[in-house]
There are 2 protein chains.
Amino acid sequence: MFSKETYVNRRAELKKLVKSGIIILFGNNESPANFPANGYYPFRQDSTFLYYFGPKRDGLVGVIDVDNDKELLIGNDIDIDDIVWYGSVDSVHDMAEHAGVKESAPMKQLQVICDNAMKEKRTIHFLPPYRHDTMIQIFDLLGIHPSKQREAASVELIKAVVKMRSTKEQQEIEEIERACAIGYKMHTTAMRVTKPGVTEKYVGGQVNGIANSYGAMVSFPTIFSQHGEIMHGNPSMAVLESGRLALCDCGGETMEHYCSDNTRTFPVNGKFTQRQLEIYSIVEDCHDLALKISKPGVKYFDVHMDVCRLMTDRLKELGLMMGDTEEAVRAGAHAMFLPHGLGHMMGMDVHDMEGLGQTYVGFDDETRPNLEQFGTNCLRMGRRLEEGFVVTDEPGIYFIPALIDEWRAKGLHKDFINYEKLETYKDFGGIRIEDDILITSDGCRFLGEERIPYHPKDVEDFMSKN
Amino acid sequence: MFSKETYVNRRAELKKLVKSGIIILFGNNESPANFPANGYYPFRQDSTFLYYFGPKRDGLVGVIDVDNDKELLIGNDIDIDDIVWYGSVDSVHDMAEHAGVKESAPMKQLQVICDNAMKEKRTIHFLPPYRHDTMIQIFDLLGIHPSKQREAASVELIKAVVKMRSTKEQQEIEEIERACAIGYKMHTTAMRVTKPGVTEKYVGGQVNGIANSYGAMVSFPTIFSQHGEIMHGNPSMAVLESGRLALCDCGGETMEHYCSDNTRTFPVNGKFTQRQLEIYSIVEDCHDLALKISKPGVKYFDVHMDVCRLMTDRLKELGLMMGDTEEAVRAGAHAMFLPHGLGHMMGMDVHDMEGLGQTYVGFDDETRPNLEQFGTNCLRMGRRLEEGFVVTDEPGIYFIPALIDEWRAKGLHKDFINYEKLETYKDFGGIRIEDDILITSDGCRFLGEERIPYHPKDVEDFMSKN
Ligand SMILES: [Mn+2]
Ligand SMILES: [Mn+2]
């Protein structure tokens, strides 16, 4: 946890932004995997609850009564049976105190609070729930069916939380640097254990082990695959083959639940082929371009588009694309190769605050998402960058056989895509390079003290030495 | 997956047992950790769904219409966007075919099926749900509030499933042996990396990494702690200290989702002290006693009680307990040291079928659980053993400061417990030894080809050599 003042100040700021009503922030509960008790997934507290209250235990709810300037931490204390099974934990009263909250109460109090607020017709602000147990809780408390809760969530509260969590405090940046240090260990482990003959699963498992050994957990399910063209490729039991590229997209989460998120793509046998280098160098230059031009005031949508143009120019040089670059990008032809956005906000959630609604996090009145165009519809971040934002820079080039076949059959973008040549790349896979960047007062910088090798020579050197 | 015939035969047997009505088996969905998409925990299919249908994808429901002898696999097919992000998967039609199911249908069909069945006043059998998204689904389909669903679940179906899944087929036993092989790697890794100065979390992380590298996942959250007296002690950031014992309770899960579950307790510095050996040898002998006397026809409750008596006898020799053994055990005084049961069923769930209700799984009309007495109320398995059952054998002795203080203050069992002496053990921790055993035609045997060292000399030898 951070200092008591941190939480007191954050809640004070939140109250100022939300102005009136009563705010309910639900903490998370244990999440069952295959049976109700003991069969749990690792506990993960809700990020917004952590941000404003701090405790990492299940079964808690934070209440902020803006109108009456009262704060309350709600939860049931544990008994001797719990202590025998799970060890001693702080009382709810003590947890409240650590967060500078004056009052605490048992869970049954929450229904009373909601009933009173509804009777007085006060606004009850809650965030869109993503855990189904929370949805049931909200249904019981407020009578709103789970399928209606996202639209019933408080836009004022969402906007206030997004505003605050978007700009990272110094102590948050330090936590993210710590997460990046874990990520460095994860990625260099992947590079070390990757070799022909081991399974994807073996490498993925070792990477996860590092995240578990040094932090709370992985910041998202580790992607490790020879099929880099599958965006979220789970490590399979397939054996790594010499001549192929392995794509590793993973990150760690600190004990305070701040994330890192990096991607590297490297040759299974430690040595790039000429064809791989040609594609790799495009992704590398796109990645470095974003780093060069990202700064306060620049729309991340424009950075994405600059990257798309550079990628298109370079793919034209290779004979994979053709025609006018500007027209090709406007039409969305480049999305054959880059069907996702350049990056996303990162913080306590690896896709920071995504649960609050991507439109509120990555866009604003000035930059609406384009939901019509394939590829562009996946952009998670379009709005102007500000000092203190943390975003990922993750261009990629993928050769997706199913997409090639579909577009070709439909005759899509045939003035811009050389399908003849593209056919010969169907066995290529995909390349992505991803780093986390902090927007500074006049530009941006990498997060993470040690750079995970990504220039081809550095990658080959590292893999030959380790 | 197993052969098509396996699933066909299992469903045929289930239909015979349930006799009439319509059975709905819900597969699991993705489970969000901290935001709705991408922020998922690793996908874990429901075990009973796996048992009768097999597919490991999310968003599926199996329907068995017993009255009309019709079977149906329900789920929505994926589209090109899903293929780009997650790769290609079988169609629902193909998955149905692999399981010998003749019909498939999209998810919206499920409401129609339920509406018709309700209109015709047919019995709709479903199992007690443990995932909250399934609870919402059942609420929408059948109008039963989540809090009423456990009692509305079908006792006939529960009993039929328990009957079938309790006795393991040969191919299931082979899978459990494979899980034990992963467990062996996990435990020997723990012994290898344990040493003074490393964190609990480091060891726990490496153990998890092995489970991830060789199987689907851990079979439950790994327990690794110097505080073995906490039954479910999560690995903390605390540094391992020479002179203490480390308790490691963990298991692997194969790609087919069969589990292993073992516990070892070993000295952080590789060498037991005399005091540790005295307690350890009691647990060792209790563990071996269970292995000696477990066989078909014997109640596991009686095995538990024999273990409690042996433990009490031996604790009396050490001066920690006193009085008449039989009386002490009947009164529950031994539960100060062993507050849990000797073991549980194991299979696709590490606590096999626990979600269906422990009473149905571990007890029967002849052996009701005693829910009144501390310790005995935690027994998960009391009924007569049968050939093909897989159970754990996991006695332990724990010195739980909070429990010692509480019982002493209340004056509990003071004729049987030497509180003076017990005070000097408050810094001891806890010891548990656990193995998985298969009930054979005339006895039982360990599962897992390679034995994880547990005799003190073997443990010390292993740790000095690795
Ligand atoms: Mn990313
Ligand atoms: Mn166990």
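Not measured: the values here are computed from a predicted model.

Before going further, it helps to spend a moment on the relation of the copies chain B and chain A. With an RMSD of 0.0 Å, the fit of chain B onto chain A corresponds to turning through 180° and sliding 0.0 Å along the axis. Both copies of the chain, as the preceding transformation shows, are related through a two-fold rotation axis. In terms of C-alpha distance to the rotation axis, chain B has Gly-209 of chain B as its closest residue, with the C-alpha 1.8 Å off the axis. When the interface residues of chain B are mapped onto chain A, 100% of them again lie at the interface, so the same face is used by both copies.

Moving on, we get to the interface of chain B and chain A. On the chain A side, the residues contacting the 70 residues of chain B number 70 residues. Roughly 5,800 Å² is buried in total at the junction of chain B and chain A, and carbon and sulfur atoms are behind 63% of that figure. Across the chain B-chain A interface, the total number found is zero salt bridges. Inspection of the chain B/chain A interface yields 26 residue pairs in polar contact (both at pLDDT 80 or more). Looking at the side of chain B that touches chain A, the elements that each hand over two or more residues are α3 (80-86), α6 (132-142), α7 (146-152), α10 (200-214) and α15 (401-410) of chain B. Ranked by residue count, the leading element in the side of chain B that touches chain A is α10 of chain B, at 10 residues. Taken together, the residues that form the side of chain B that touches chain A break down as 38 nonpolar, 20 polar and 12 charged.

Turning our attention to the sheet that holds strand β1 (residues 22-26) of chain B. All names here are of chain B. Strand order in this open sheet of five strands is β4-β3-β2-β1-β5, and the pairing throughout is mixed. On the outer flanks of this sheet lie β4 (103-105) and β5 (124-126), each paired with one strand and no other. Pairwise comparison of adjacent strand axes, ignoring direction, gives a mean angle of 25° for this sheet. Across six bridges, strand β2 (residues 60-65) lies against strand β3 (residues 70-75) in antiparallel orientation. The partner of Asp-65 across the bridge, within β3, is Lys-70. This element, helix α1 (residues 4-18), spans β1, β2, β3 and β5 of the sheet and lies at about 55° to β2.

Residue and element names in this part refer to chain B. For the manganese ion (ligand 2), every protein donor is listed as Asp-261 (OD), His-344 (NE2), Glu-394 (OE) and Glu-434 (OE), and the spread of their distances is 2.1 to 2.4 Å. Motif for the manganese ion (ligand 2), donor spacing along one chain: D-x82-H-x49-E-x39-E. On the criterion of sequence distance, the pair formed by Asp-261 in the loop between β9 (252-253) and β10 (262-267) and Glu-394 in the loop between β11 (390-393) and β12 (396-398) is long-range, its members being 133 residues apart. Across the pair, exposure class does not vary: Asp-261 and Glu-394 are buried alike.

Moving on to the sheet that holds β10 of chain B. Residue and element names in this part refer to chain B. Ordered by their spatial adjacency, three strands build an open sheet running β7-β8-β10, and the pairing between neighbours is antiparallel. A single partner strand is all that each edge strand has here, and the edge strands are β7 (223-225) and β10. Ignoring strand direction, the axes of neighbouring strands in this sheet form an average angle of 10°.

Residue and element names in this part refer to chain A. Every protein donor of the manganese ion (ligand 1) is listed here as Asp-261 (OD), His-344 (NE2), Glu-394 (OE) and Glu-434 (OE), and their distances to the metal cover 2.1 to 2.4 Å. Sequence spacing of the donor residues for the manganese ion (ligand 1), all on one chain, is D-x82-H-x49-E-x39-E. Here Asp-261 is found in the loop between β9 (252-253) and β10 (262-267), whereas its partner His-344 is found in the loop between α13 (325-331) and α14 (358-362), with 83 residues between them in sequence. Given the relative accessible area of 3%, His-344 is considered buried.

Before going further, it helps to examine the pairing of strand β1 (residues 22-26) of chain A. Residues in a regular strand point their side chains to alternate faces of the sheet. When you tally the buried positions in β1 of chain A, you get five out of five residues, the bulk of the element. Covered by surrounding structure in β1 of chain A are Ile-22, Ile-24 and Phe-26 of chain A together with Ile-23 and Leu-25 of chain A, the residues of both alternating faces.

Residue and element names in this part refer to chain A. Taken domain by domain, chain A holds domain 1 (4-166) and domain 2 (170-465). If you average the C-alpha positions of domain 1 and of domain 2, the two centres end up 34 Å apart. In this assembly, 17 residues from domain 1 lie in contact with 21 residues from domain 2. Buried area between domain 1 and domain 2, summed over both chains or domains, comes out near 1,700 Å², and the portion from carbon and sulfur atoms is 56%. It is Arg-44, Arg-165 and Ser-166 in domain 1 that bury the most area against domain 2; as a group they hold 33% of the surface buried on that side. Where domain 1 meets domain 2, there are four salt bridges. The interface formed by domain 1 and domain 2 contains nine residue pairs in polar contact (both at pLDDT 80 or more). Within the residue set of the side of domain 1 that touches domain 2, elements represented by two or more residues are α1 (4-18), α2 (47-52) and α8 (155-166). The element best represented in the side of domain 1 that touches domain 2 is α8, accounting for seven residues. Of the residues that constitute the side of domain 1 that touches domain 2, the class distribution is eight nonpolar, three polar and six charged.

In this section: the packing of aromatic side chains. This structure, assessed with the given rule, holds 26 aromatic pairs over all chains. Between the aromatic rings of Phe-49 of chain B and Phe-53 of chain B, the centroid separation amounts to 5.4 Å while the plane-to-plane angle is 20°, which identifies the pairing as stacked. In terms of burial, Phe-49 of chain B and Phe-53 of chain B fall into one category: buried. Taken together, the ring pairs connect Phe-337, Phe-399, Tyr-425 and Phe-428 of chain A into an aromatic cluster. The ring of Tyr-51 of chain A carries the charged tip of Arg-10 of chain A above its face, separated from the ring centre by 3.9 Å.

As a further point, take the packing of helix α11 (residues 274-293) of chain B against helix α12 (residues 300-317) of chain B. Residue and element names in this part refer to chain B. With their axes 9 Å apart at the nearest point, α11 and α12 run at an angle of 150° to one another. The orientation of α11 relative to α12 falls into the category roughly antiparallel. By crossing handedness, the relation of α11 to α12 is classed as right-handed. Residues Ser-281, Ile-282, Asp-285, Cys-286, Leu-289, Ala-290 and Ile-293 of α11 form the contact with α12, whose participating residues are Val-303, Asp-306, Val-307, Leu-310, Met-311, Arg-314 and Leu-315. Of the residues that constitute the contact of α11 with α12, the class distribution is 10 nonpolar, one polar and three charged.

This part is about the state of the cysteines. Residues and elements named next belong to chain B. Here the structure, examined in full by the defined rule, presents zero disulfides over all chains. Between Cys-180, a cysteine without a disulfide, and Cys-259, which holds the nearest cysteine sulfur, the sulfur-to-sulfur distance is 9.9 Å. Judged by its relative accessible area of 6%, Cys-180 is buried. Residue Cys-308 stays outside any disulfide, its sulfur separated by 8.1 Å from that of Cys-286, the closest cysteine.

On to the environment of Leu-291 of chain B, then. Residues and elements named next belong to chain B. As for its position among the elements, Leu-291 is in helix α11. Spatially, the C-alpha atom of Leu-291 lies 32 Å from that of Leu-240, the residues being 51 residues apart in sequence. Filtering out sequence-adjacent residues up to four positions away, Leu-291 remains in contact with Asp-393, Ile-437, Cys-444 and Phe-446.

Let's shift gears to a negative patch on the surface. All names here are of chain A. Taken together, the side chains of Asp-77, Asp-90, Asp-94 and Glu-97 present a region of like negative charge at the surface. On the secondary structure map, Glu-97 appears in helix α4 (residues 92-98). The class for Glu-97 is partly exposed, based on a relative accessible area of 43%.

The rules behind these values
- Residues numbered from 1 in each chain as written.
- Chains lettered and ligands numbered in written order.
- Predicted model: local features only at pLDDT ≥ 70, side-chain atom pairs only at ≥ 80, totals over all residues.
- Heavy atoms only, no water.
- Least-squares fit on C-alpha atoms with pLDDT ≥ 70 in both.
- Contact = heavy atoms within 4.5 Å.
- Buried area = accessible area lost by both parts, 1.4 Å probe.
- Salt bridge = Lys/Arg side-chain N within 4 Å of Asp/Glu carboxyl O.
- Polar contact = N/O pair within 3.5 Å; in protein donor to acceptor, adjacent residues only side chain to side chain.
- Helix = DSSP H or I, 4+ residues; strand = E, 2+ residues; numbered from the N terminus.
- Nonpolar A, V, L, I, M, F, W, Y, C, P; charged D, E, K, R; others polar.
- Pairing = 2+ DSSP bridges.
- Axes fitted to C-alpha atoms, helices over the stretch in contact; angles between N-to-C directions.
- Donors = N, O, S within 2.8 Å, 3.2 Å for Na, K, Ca; no water.
- Buried < 20%, exposed > 50% of the residue type's maximum accessible area, 1.4 Å probe, protein only.
- Domains from an automatic or database assignment.
- Phe/Tyr/Trp six-rings, centres within 6.5 Å; stacked < 30°, edge-to-face > 60°.
- Lys NZ or Arg CZ within 6 Å of the ring centre and 35° of its normal.
- Parallel < 35°, antiparallel > 145°, perpendicular 65-115°, else oblique.
- Left-handed = near helix turned anticlockwise from the far one by under 90°.
- Disulfide = S-S within 2.5 Å.
- Patch = residues over 30% accessible without salt bridge, like charges linked within 9 Å, V, L, I, M, F, W, Y side chains within 5 Å.
- Areas by Shrake-Rupley, 256 points an atom, 1.4 Å probe, with all protein chains shown as cover.
- Lys, Arg positive; Asp, Glu negative; His and termini not counted.
- Charge placed at Lys NZ, Arg CZ, Asp CG, Glu CD.

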